[in-house]
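Letter by letter, the chains look like this.
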Amino acid sequence: MSVSPSQKRVALLVIGLVVLFAPALFVLATLEFLILSGNLALNEISLLEFVELYLIDLVLFVLLGYGVYRLTFWLIQDQLPDALDTVDGTEAAGATDETETTGTASEEQS
């Protein structure tokens, strides 16, 4: 099943919106927590401080996403082939055992 260009554009748009707005949601959650805990009054925050907090959250969000990407890539590239070789070896041994068992059972029935 191939993916149409419009589906690719929609996927890229959704990813872009998540990268853009997820840090904003983290900023709002952080501000709400600080306001509710009494450590911050909303009128104490300047626009510059809000933008700084947003940029810090954006950088941390992108670094976290990149870290997850690299970890996944490393697992697929380095760890998965070894695990698949182990599974293939186990399945081959299991298939050999089943063939011997099946062959023995059919010989006894004959």
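Quick notes on the rules
Residues numbered from 1 in each chain as written. Predicted model: local features only at pLDDT ≥ 70, side-chain atom pairs only at ≥ 80, totals over all residues. Heavy atoms only, no water. Helix = DSSP H or I, 4+ residues; strand = E, 2+ residues; numbered from the N terminus. Buried < 20%, exposed > 50% of the residue type's maximum accessible area, 1.4 Å probe, protein only. Areas by Shrake-Rupley, 256 points an atom, 1.4 Å probe, with all protein chains shown as cover. UniProt positions renumbered as here; feature names shortened; annotations may be inferred. Phe/Tyr/Trp six-rings, centres within 6.5 Å; stacked < 30°, edge-to-face > 60°. Expected span 1.5 Å × (residues − 1). Bend = angle between axes of the 7 residues up to and from the residue. Contact = heavy atoms within 4.5 Å. Patch = residues over 30% accessible without salt bridge, like charges linked within 9 Å, V, L, I, M, F, W, Y side chains within 5 Å. Salt bridge = Lys/Arg side-chain N within 4 Å of Asp/Glu carboxyl O.

Chemist: Quick rundown of the overall build of the chain? Include the residues and the values.
Modeler: When you go through the chain residue by residue, the secondary structure sums to two helices and zero strands. When the 110 residues of the chain are sorted by exposure, 6% land in the buried category. Within the structure as shown, the chain displays about 9100 Å² of accessible surface, and the carbon and sulfur contribution to it stands at 69%.

Chemist: Which residues make up the UniProt feature "transmembrane region" (unreviewed entry) in the chain, and what values go with them?
Modeler: Per the UniProt record, "transmembrane region" (unreviewed entry) is annotated on residues 12-35 and 47-69. From the first C-alpha to the last, residues 12-35 spans 35 Å; its make-up is 100% helix and 0% strand. Helix makes up 100% of residues 47-69 and strand makes up 0%, while its end C-alpha atoms are separated by 33 Å.

Chemist: I'd like a rundown of the packing of aromatic side chains, residues and numbers included.
Modeler: According to the stated counting rule, one finds three aromatic pairs in the structure shown. For the pair F26 and F61, a centre-to-centre distance of 6.1 Å together with 55 degrees between the ring planes defines the contact as tilted. Of this pair, F26 sits in helix 1 (residues 5-36) while F61 sits in helix 2 (residues 47-109), and the two are 35 residues apart along the sequence. Classification of F26 as partly exposed rests on a relative accessible area of 45%. Judged by centre distance (6.2 Å) and plane angle (35 degrees), the ring pair of Y66 and Y69 falls under tilted. Highlighted residues: Y66 and Y69, both in helix 2, separated by three residues, approximately one helical turn. An aromatic cluster is built from Y66, Y69 and F73, whose rings are joined through pairwise contacts.

Chemist: Go over helix 1, please, and point to the residues and values.
Modeler: Between its first and last C-alpha atoms helix 1 spans 46 Å; for 32 residues at 1.5 Å apiece the expected length is 46 Å, and the two agree. Along helix 1, the sharpest kink reaches roughly 30 degrees, centred on F21 and followed within four residues by the proline P23. The complete set of buried residues in helix 1 reads A22, P23, V27 and L31. Looking at the residues trailing helix 1, positive phi occurs at G38, about 85 degrees.

Chemist: Account for the side chain of D57, naming residues and giving values.
Modeler: When you line up the elements, D57 lands in helix 2. Among all residues touching D57, those that are not within four sequence positions of it are P23, F26, V27 and T30.

Chemist: Give a detailed account of a nonpolar patch on the surface, specifying residues and quantitative values.
Modeler: A surface patch of nonpolar side chains, amounting to about 580 Å² of accessible area, comprises L25, L28, L47, F50, V51 and L55. The set of elements that each furnish at least two residues to the nonpolar patch consists of helix 1 and helix 2. The element that contributes the greatest number of residues to the nonpolar patch is helix 2, accounting for four residues. By secondary structure assignment, the location of L28 is in helix 1. The exposure class assigned to L28 is partly exposed, which follows from its relative accessible area of 49%.

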